[in-house]
Amino acid sequence: MARLAAYRDFASGCGERGFVLVRVVEAKGSTPRNTDAWMQVSQAAAFGTIGGGRLELEAIDRAREVLAGAAAQPMALPLGPAIGQCCGGHVTLSFEVIPPARFGEIETMVRVEDESDPEVWLFGGGHVGRALTNALLLLPVRVHVAETRADELDLMPEGAERHLTALPESLVAGIAPGSAVIVLTHDHALDFLIVSAALKRDDLAQVGMIGSDTKRATFEHQYVREGGDTAQLSKLVCPIGRKIADKRPEVIAATVAAEIIMALADWRANTSQALS
């Protein structure tokens, strides 16, 4: 709910004039954002983004003109040399004045967008778990952290939903479809139970486990020995993240976060294709 809190802070400073809601209503060719992008502009601040650069500066200037009384006409912008950008696409923007009486309506829009973000479940709250949580909290995902240790869970950053449980594997069945599950507990036996439960599902965007090639081989051997479906092993990402020399938790977290975002995007794209 990070965007919701940020929106409330923005709206509280808008005053009686309110703000202008700027939307991307058409995007052709190479553009920095798609037609789901919006931003809100007051006389003193802006919240959200339609892509930055000269495009956004032009939009902010026009929005403030509208807020001052100019006609709220659509604005068509070719993203080329004329405005100092080289994307090569074309964007059309709409402008709508939102008075204080409608702030709640826009808050609902922001809340719905927040709630539509995919979930990422981290099992394990150690050094890498905390670093990964910090990285993910900057991204459009809802972060859940499950731990068996209360003291470790207490160290997790604000913004993540915390789950203290003696049986973390029991939470897997209730995770929303399309979520990512990342396992990085302090106990290999616990890792095995959680990953095994996750591999039983066919509707998760990613199942990842921290470790090495040796850990993966050990897991696969035990998984097959205990009757696991070998076909499911192709869904497991282990090791997670890029193999680089720097193994500090924050560096590992950066590469894993990028991997998660790519997996979630692929899942959404594949799901949309299947439904079309």
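Anything mentioned here points back to the structure above.
If you're wondering where the values come from, they're calculated on a predicted model, not measured in any experiment. (Residues numbered from 1 in each chain as written. Predicted model: local features only at pLDDT ≥ 70, side-chain atom pairs only at ≥ 80, totals over all residues. Heavy atoms only, no water.)

K.L.:
Which parts of the structure should I look at to understand the overall build of the protein?
P.N.:
The helix and strand tally for the protein stands at 8 helices and 11 strands. When its C-alpha atoms are laid out on the principal axes, the protein stretches across 70 × 40 × 40 Å. When each of the 276 residues of the protein is scored for burial, the buried share is 43%. A separation of at least 24 residues holds for 59% of the contacts in the protein among residues at least 6 apart in sequence. Of the roughly 14000 Å² of accessible surface on the protein, 54% is carried by carbon and sulfur atoms. For the protein, the separation between the mean place of its 26 positive charges and that of its 35 negative charges on side chains is 3 Å. (Helix = DSSP H or I, 4+ residues; strand = E, 2+ residues; numbered from the N terminus. Buried < 20%, exposed > 50% of the residue type's maximum accessible area, 1.4 Å probe, protein only. Contact = heavy atoms within 4.5 Å. Areas by Shrake-Rupley, 256 points an atom, 1.4 Å probe, with all protein chains shown as cover. Lys, Arg positive; Asp, Glu negative; His and termini not counted. Charge placed at Lys NZ, Arg CZ, Asp CG, Glu CD.)

K.L.:
Can you walk me through empty space enclosed by the protein in this structure?
P.N.:
Over the atoms, a rolled probe matching the size of one water molecule traces out where space is still vacant. Summed over all chains, the structure comprises 1 cavity of 30 Å³ or more. Put simply, the largest cavity is a space of about 30 Å³. In terms of lining, the largest cavity is formed by Phe-123, Gly-124, Ala-146, Glu-147, Thr-148, Pro-168, Thr-185, Leu-190 and Ile-194. Elements with a minimum of two residues in the lining of the largest cavity: β7 (142-147) and α6 (188-199). A class-by-class count of the residues in the lining of the largest cavity yields 5 nonpolar, 3 polar and 1 charged. (1 Å grid on protein atoms, 1.4 Å probe; cavity = no way out; pocket = protein on both sides within 12 Å on 5 of 7 lines; lining within 4 Å. Points joined across faces, edges and corners; volume = space filled by probe spheres on them. Nonpolar A, V, L, I, M, F, W, Y, C, P; charged D, E, K, R; others polar.)

K.L.:
Mind showing me how you'd approach helix α7 (residues 213-225) here?
P.N.:
Every α-helical turn comprises 3.6 residues, leaving residues that sit three or four positions apart pointing alike. With 13 residues, α7 ought to run about 18 Å at 1.5 Å a step, and its terminal C-alpha atoms sit 18 Å apart, in line with that. Packing partners of the buried residues in α7 comprise α6, β10 (206-209) and β11 (236-237). Just beyond α7, the residue with positive phi is Gly-227, at close to 95°. (Expected span 1.5 Å × (residues − 1).)

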